Amino acid sequence: MSILTATILVGVIGLVCALILVIASHYMAVKVNETELAIRACLPGANCGACGYSGCDGYAAALAADSTIAANLCRPGGAEAAEKIAAALGVTASVADPVSAYVRCSGDCNARGQICHYEGVQTCSAAKLLFGGGSACTFGCLGYGSCVAVCPNNAICIENDIAHIDPRRCVGCGLCAKACPNKVITLIPAKNQSVVTCSSQLKGPKVKAACKVGCIGCTKCAKVCPAGAVTIENNLARVDPEKCTGCGVCVDNCPTGAIRAYEF
Amino acid sequence: MTKLLAILFASVLVNNYTLVKFLGICPFLGVSKKVDQATGMGIAVIFVMLVATAATWPIQTFLLDRFNLGYLQTIVFILVIAALVQFVEIVLKKYLPALHKSLGIYLPLITTNCAVLGVTINNMTDGYNFLTSMVSSLGCGLGFLLAMVLFAGVRSRVEEAIPPKPFSGIPITLISASIVSLAFYGFAGIVTNIFG
């Protein structure tokens, strides 16, 4: 008898629970915005936040709710995603130029001097706080991998105490550029060009004392550039990517090798 | 009133579910990496514990005890709590989407959490009435939140440090958890001294 009561009781409780859930899911179903789902399907799902929204879901929801938001904000998806989103929304897309992150420092452990051995917390911002870490150059890559930690695509690695970005993997979201306390990483247009791989704003002799491959601000590159793309600001060469044709004359003429050819 | 306060303090500090009774260790280790996530999880647990107690106390008192079916407690409680959490999730999704966004991801995790089940069962074993059961659940939830937030703070410091290789990751997390737990054993006896 008692087994019967027990079975009936558990069965009835289970049935009541199931009924409540069925009724609730029927009457309280939330309508899913179909445009939002369609847009979400076009996005790559990297959740990098380069668009300025909280991940791909957030961007899709914002786009579906407000058609005035630009459809081309997705960096990883690039032109392809922008066109698909535009098709889903029924508008024409204007495509953002693809960009890639670049480390403006080439002073690895062989090239730059050490002033001390840093043994503190192994993050770039902590090293930066403690007199700029152990490197003789306080402008360069600290090499503790704050950028590696934020990269959604594993495009960055640390070799010889310096960050390297694989341009084939980089989607240009710019998270590493935000994470770098020395602002060594910048976003540059993804095309063949010459790039300055140094961020030091010190005068020539001081740069030379700290690092073998730093920009000493000798202005040689500015003089030889046929396109007039190179300028010197704060003792540091700057290549205008709009004007640079990627001819490589500045690369050949740089005495320290601070300008390098960037091959995308 | 003094009795309610004593129950509340006892369940927050002395009988802390995570650090003293070792229930709900899975979310305690899993979701304690960041303080904001730990807070979200803790608040969701408080909510679920209160709702679960409110639902299971009448079931135990008016159904199971009346038909002498106390041995069905565990299975019926799991059934009711799981269905309840699902129901709450549906309701939140419909009427309070903002709350659902912040708590929603934690709700399915808590569905059959042993801390929630433990609270509801212990309330019965301790012979609490409805009011004291609710106060005890609130205290247990607050205790869980306290443990989560404290440990997330400890853990964020531990993550920065570099332990020896064999200790890195989960081992050093468990060691720090045991030290936090030891600290909570220091509260034993405090309630009888304050309220006793």
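Every chain begins its residue count from 1, and numbering advances along the sequence as written. For this description, chains carry letters from A and ligands carry numbers from 1, given in the order in which they are written. Local features in this predicted model are restricted to residues whose pLDDT is 70 or higher, and side-chain atom pairs enter the listing and the counts only when it is 80 or higher, whereas totals over whole chains, interfaces and linings include all residues.

> How should I be thinking about the interface of chain B and chain A in this particular structure?
Interface size is commonly expressed as the accessible surface area that is lost when the partners come together. Once C-beta atoms are placed from the backbone, any two residues with those atoms within 7 Å are in contact. Taken residue by residue, the interface counts 17 residues in chain B and 15 residues in chain A. It is helix α4 (residues 73-95) of chain B that contributes the most residues to the side of chain B that touches chain A, 11 residues altogether. Just so you know the grouping, Ala, Val, Leu, Ile, Met, Phe, Trp, Tyr, Cys and Pro go in nonpolar, Asp, Glu, Lys and Arg go in charged, and all remaining residues, Gly too, go in polar. Broken down by class, the residue content of the side of chain B that touches chain A amounts to 13 nonpolar, one polar and three charged. In DSSP terms, a helix is any run of H or I states spanning at least four residues, a strand is any run of E spanning at least two, and both are numbered starting from the N terminus.

> Any chance you could explain the confidence of the model for chain A here in plain terms?
The predicted structure's coordinates, where accompanied by low pLDDT, should not be read in detail. Summarising the model, chain A shows a mean pLDDT of 84, and 97% of its residues fall at 70 or more. For every residue, the predictor assigns a confidence score, pLDDT, that lies between 0 and 100. Within chain A, no element has a lower average pLDDT than helix α4 (residues 78-89) of chain A, which sits at 79, and none a higher one than strand β3 (residues 162-165) of chain A, at 90.

> Is there a simple way to explain the packing of α4 of chain B against helix α7 (residues 114-125) of chain B in this structure?
Helix-helix packing is characterised by the crossing angle of the two axes and by the distance between the axes. Residue and element names in this part refer to chain B. Throughout, an axis means a line fitted to C-alpha atoms (over the contacting stretch in the case of helices), and angles, computed between N-to-C directions, take values from 0 to 180 degrees. The N-to-C vectors of α4 and α7 enclose an angle of 130 degrees; their axes lie 10 Å apart at closest approach. The orientation of α4 relative to α7 falls into the category oblique. Crossing angle aside, the handedness with which α4 passes α7 is right-handed. Contact residues: α4 offers Gln73, Phe77, Ile78 and Ile81, while α7 offers Val116, Leu117, Thr120, Ile121 and Met124. Class assignment of the residues belonging to the contact of α4 with α7 gives a composition of seven nonpolar, two polar and no charged. To sort the angles, those under 35 degrees are grouped as roughly parallel, those over 145 as roughly antiparallel, those from 65 to 115 as roughly perpendicular, and the leftovers as oblique. Helix crossings are classified by the rotation of the near helix relative to the far one: an anticlockwise turn of less than a right angle makes the crossing left-handed, while a clockwise turn makes it right-handed.

> Any chance you could explain the pairing of strand β5 (residues 193-196) of chain A here in plain terms?
Residues in a regular strand project their side chains so that they alternate between the two faces of the sheet. Residues and elements named next belong to chain A. Burial along β5 is two-sided: the face carrying Gln193 and Val195 and the face carrying Ser194 and Val196 are both buried. Bridge analysis of β5 against strand β8 (residues 259-262) gives four bridges, and the strand direction is antiparallel. Bridge pairing in β8 places Val196 opposite Ile259. In this scheme the burial state of a residue depends on its C-beta neighbours within 10 Å: 20 or more other such atoms mean buried, 12 or fewer mean exposed, and anything in between means partly exposed; the C-beta positions come from the backbone. At least two DSSP bridges between two strands are needed for those strands to be called paired.

> Looking at this structure, how should I read the nonpolar core?
The nonpolar side chains of soluble globular proteins are, as a tendency, buried together. The term nonpolar core refers to a set of buried Ala, Val, Leu, Ile, Met, Phe, Trp, Tyr and Cys residues connected through C-beta atoms within 7 Å. In this structure, Leu43, Ile85, Cys176, Ile185, Val196, Cys215 and Ala237 of chain A are the most contacted members of the largest nonpolar core, which totals 67 residues. Core analysis: the second largest hydrophobic core is formed by 42 residues, Leu13, Ala38, Leu72 and Ala147 of chain B among them.

> Even after reading the chapter, I still don't get the pairing of strand β2 (residues 156-159) of chain A, so can you show me in this structure?
Residues and elements named next belong to chain A. Strand direction decides the pairing type here: β2 and β3, joined by four bridges, are antiparallel. Bridging from a neighbouring strand, Glu159 pairs with Ile162 of β3. Hairpin connection of β2 to β3: two residues between the antiparallel strands, including Asn160 at a positive phi of 50 degrees.

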